[in-house]
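Understanding the architecture of this molecule
One-letter residues, chain by chain:
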Amino acid sequence: MYKRQANIRALASYYHARFQKLKDGKARKDSYRQAMHWYREYYYLFPLDDHAPQMSKLLAELYLENGDYHEAAVEFERIAKNDPTSELAAESAYAALFAHREHLKELPKSRKRAAREHIADQSLAFAENYPDHAETGAVLTATAYDFLLLKHFSAATRTAKQVISDYPDSGPLQIQSSWIVLADAEFEAGQYADAEQSYSRILATYTFDKEKKAALTENLAASIYRQAEYAKKRNDHATAAQHFLRLKQVAPDASLSASAQYEAASSLVSIGDWTRAAVVLEVFQKQNPTHELAVASTRNLAAIYQRNDDLLKSAAKLEVVAKKDKDPDVRREALLQAAELYDRAENQADALRVYKQYTQQHPSPADDAVETWHVIAGIYKTRGDINNYHNYLN
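Right, let's walk through the structure included here. (Residues numbered from 1 in each chain as written. Predicted model: local features only at pLDDT ≥ 70, side-chain atom pairs only at ≥ 80, totals over all residues. Heavy atoms only, no water.)

1. Quick look at helix 10 (residues 192-205)
For the record, the criterion: A run of DSSP states H or I qualifies as a helix once it reaches four residues; a run of E qualifies as a strand once it reaches two. Both are numbered from the N-terminal end. A helix is expected to span 1.5 Å multiplied by its residue count minus one. For each residue, the accessible area found with a 1.4 Å probe, counting protein chains only, is set against the maximum for its type, and the residue is called buried under 20%, exposed over 50%, and partly exposed in between. Throughout, a residue-residue contact means that at least one pair of heavy atoms, one from each residue, lies within 4.5 Å.
Its 14 residues give helix 10 an end-to-end C-alpha distance of 20 Å, which sits within 8% of 20 Å, the value for a rise of 1.5 Å per residue. Among all positions in helix 10, only Tyr-192, Ala-195, Glu-196, Ser-198, Tyr-199 and Ile-202 are buried. Lining the buried residues of helix 10 we find helix 9 (172-188), helix 11 (210-233) and helix 12 (237-250).

Below is the structure:
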């Protein structure tokens, strides 16, 4: 029997070596099949033999070398489960995870989720069974990312924290990756204050290229913006304004920075802080003259100025609205209101200029035009300009 065992081992070894030596072609495929056959035959005939685990390991390695990753993973898992305390168990369990991940790359999208779930489960089992293995930190880092992709945000958070706290020496890239997964998972789970702290720590601790730093800064800004939105939804406008304004300080170059300024002014208006709201909008307009909210901010500033009895400033802003707003009805109303405010502020020159502009741009309906002409005539009368008074009156 021992001679038969030795012969089978020799045949498996011969064909495995021949498979490795040949580059391609029928001979290589035949060698692969022969080696696989003899490895399997040995385990089938002598499962309790001392050489059986090693023969199974060589079979799994053969599968890996041929790119049969699923078969390799299954074989490595079987080795680890059959004798979890053996020297081969830990390495086989780790090799199984590697093979599973290689197989994952080959799967169609419809099968990837289930495969990733299995990998995550096996990875947690590996960490539990072999907590002191050199690669456990790396395994858990990858697992945290798996959970993030699977939208298991609590599991992603828990696993990333485990790497950070239990495996600080697993390598700077592993720790950095775990922090990023932690921040992303906290954000996706709606834990925006925690996400802000995590993103802030990442940006303060690590160096990134320009593109990656910008992306992380955008995430930091978004975590603050969401906190502001949550406060606003609860009608806590003071806290909302604080968060919106803080975003500008923390991430001035983020794409949400300008919108945060605008929203901060809106929240300040909601608590009656008209003066600060005006200052915020003035800064917004100076820094973002072409922003999509520029016209809306001008309308808001006009309303705030009028609320503060600064009629001339309000009128000037309304003239801008009359030129730039996309809605023709809004433009029409803004121009007329600007003229009326100039009139109320006793700035007759600008009142006449804008009233005339209004009649030229909006000659109909006739009743409105006639009414405006009468207003113009009234201004000329107060100025003692009788000729123009009669011209517009008639």
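Still more to cover.
2. Notes on the packing of helix 3 (residues 52-65) against helix 5 (residues 87-106)
Spelled out, the test is: Under this scheme, a helix contributes an axis fitted over its contacting stretch, all axes are lines through C-alpha atoms, and angles between N-to-C directions fall in the 0 to 180 degree range. Just so you know how the angles are binned, under 35 degrees is roughly parallel, over 145 roughly antiparallel, 65 to 115 roughly perpendicular, and the rest oblique. Take the far helix as the reference: if the near one is turned anticlockwise from it by less than a right angle, the crossing is left-handed, and if turned clockwise, right-handed. Any residue that is not Ala, Val, Leu, Ile, Met, Phe, Trp, Tyr, Cys, Pro, Asp, Glu, Lys or Arg is counted as polar, Gly included; the first ten are nonpolar and the last four charged.
As a packed pair, helix 3 and helix 5 sit with axes 12 Å apart at the nearest point and diverge in direction by 20°. It follows from the interaxial angle that helix 3 and helix 5 lie roughly parallel. The handedness of the crossing between helix 3 and helix 5 comes out as left-handed. Note on element contacts: helix 5 touches helix 3 through Leu-88, Phe-98 and Ala-99, opposite Pro-53, Gln-54, Lys-57 and Leu-64. Its residues assigned to classes, the contact of helix 3 with helix 5 shows 5 nonpolar, 1 polar and 1 charged.

3. Here we look at the environment of Gln-5
Along the chain, Gln-5 falls in helix 1 (residues 2-21). Look at Gln-5 and you get buried, because its relative accessible area is 4%. Gln-5 sits 41 residues away from Phe-46 along the chain, and the two C-alpha atoms are 8.1 Å apart. Not counting residues within four places of it along the chain, the set of residues in contact with Gln-5 comprises Tyr-42, Phe-46 and Asp-49.

4. Section: the environment of Arg-18
Turning to its location among the elements, Arg-18 is positioned in helix 1. When neighbours within four sequence positions are excluded, Arg-18 is seen to be in contact with Ala-27 and Ser-31.

5. Here we look at the side chain of Ser-31
Structurally, Ser-31 can be placed in helix 2 (residues 26-45). If we ignore the near neighbours within four places in the chain, the residues touching Ser-31 are Tyr-15, Arg-18, Phe-19 and Leu-22.

6. What to know about the layout of surface pockets
Quick reminder of the rule: Within this scheme a cavity is a closed region of a 1 Å grid, computed over the protein atoms alone, that accommodates a 1.4 Å probe without allowing it to escape, whereas a pocket is open but has protein on both sides within 12 Å along at least five of seven lines; lining residues each have an atom within 4 Å of a point. Grid points are joined across faces, edges and corners, and a volume is the space filled by probe spheres set on the points.
What the largest pocket holds in volume is close to 210 Å³. In terms of lining residues, the largest pocket is bounded by 13 residues, among which Tyr-43, Pro-53, Ile-79, Asn-82 and Asp-83 are the most central. Within the residue set of the lining of the largest pocket, elements represented by two or more residues are helix 3, helix 4 (69-82) and helix 5. A per-element tally of the lining of the largest pocket places helix 4 first, with 3 residues. Here the residues of the lining of the largest pocket sort into 6 nonpolar, 3 polar and 4 charged.

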